[in-house]
Amino acid sequence: MGEIHAGAPASSTRAGRLTTFVHQTIARARTMAVPYKLGEVVVGDDPFNGRREGLVAVKNGTVVGLQTADKIVFYDYRQLRRPD
């Protein structure tokens, strides 16, 4: 007849898949929240980092890495705007 295979119970496997799905969905939602594209020119204004203009080089959640002439400065995407 049928064989019984050793392994994780079905409920554990289903829970693992659900957890993976939830984490991927949350990561996608955080990434999609940033309205700027990689390579787009923006101006960052922050009391700690100052005002800088540069290219969007990194997007990680709600944090954007702004490539300036000599380094990358990180801003919350809400502190960025398109130049006038």
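We now turn to the structure provided with this report. Since the structure is predicted, the reported quantities are computational estimates derived from the model, not experimental observations.

### Considering the nonpolar core
Stage number 1. Among the nonpolar cores identified, the biggest contains nine residues, and these are Val34, Tyr36, Val42, Val56, Val64, Leu66, Val73, Tyr75 and Leu80.
Stage number 2. Going through the elements one at a time, strand 3 (63-67) and strand 4 (72-76) are the ones with two or more residues in this core.
Stage number 3. If we ignore the near neighbours within four places in the chain, the residues touching tyrosine 75 are Gly44, Asp45, Asp46, Asn49, Gly50, Arg51, Arg52, Thr62, Val63, Val64, Leu66 and Leu80.

### Section: the pairing of strand 3
Stage number 1. Relative to strand 3, strand 2 (residues 50-60) runs antiparallel, the two being bridged by five bridges. What sits directly across from valine 56, in strand 3, is leucine 66.
Stage number 2. Hairpin geometry of strand 2 and strand 3 is characterised by an intervening segment of two residues between the two adjacent antiparallel strands and by a positive phi of about 70° at glycine 61.
Stage number 3. Both strand 3 and strand 4 contribute to a ladder of five bridges, which runs antiparallel. Within the sheet, the bridge partner assigned to valine 63 lies in strand 4 and is aspartate 76.
Stage number 4. Linkage of strand 3 to strand 4, two consecutive antiparallel strands, is achieved through a turn of four residues.

What counts, and at which threshold
- Residues numbered from 1 in each chain as written.
- Predicted model: local features only at pLDDT ≥ 70, side-chain atom pairs only at ≥ 80, totals over all residues.
- Heavy atoms only, no water.
- Core = buried A, V, L, I, M, F, W, Y, C linked by side-chain atoms within 4.5 Å.
- Buried < 20%, exposed > 50% of the residue type's maximum accessible area, 1.4 Å probe, protein only.
- Helix = DSSP H or I, 4+ residues; strand = E, 2+ residues; numbered from the N terminus.
- Contact = heavy atoms within 4.5 Å.
- Pairing = 2+ DSSP bridges.

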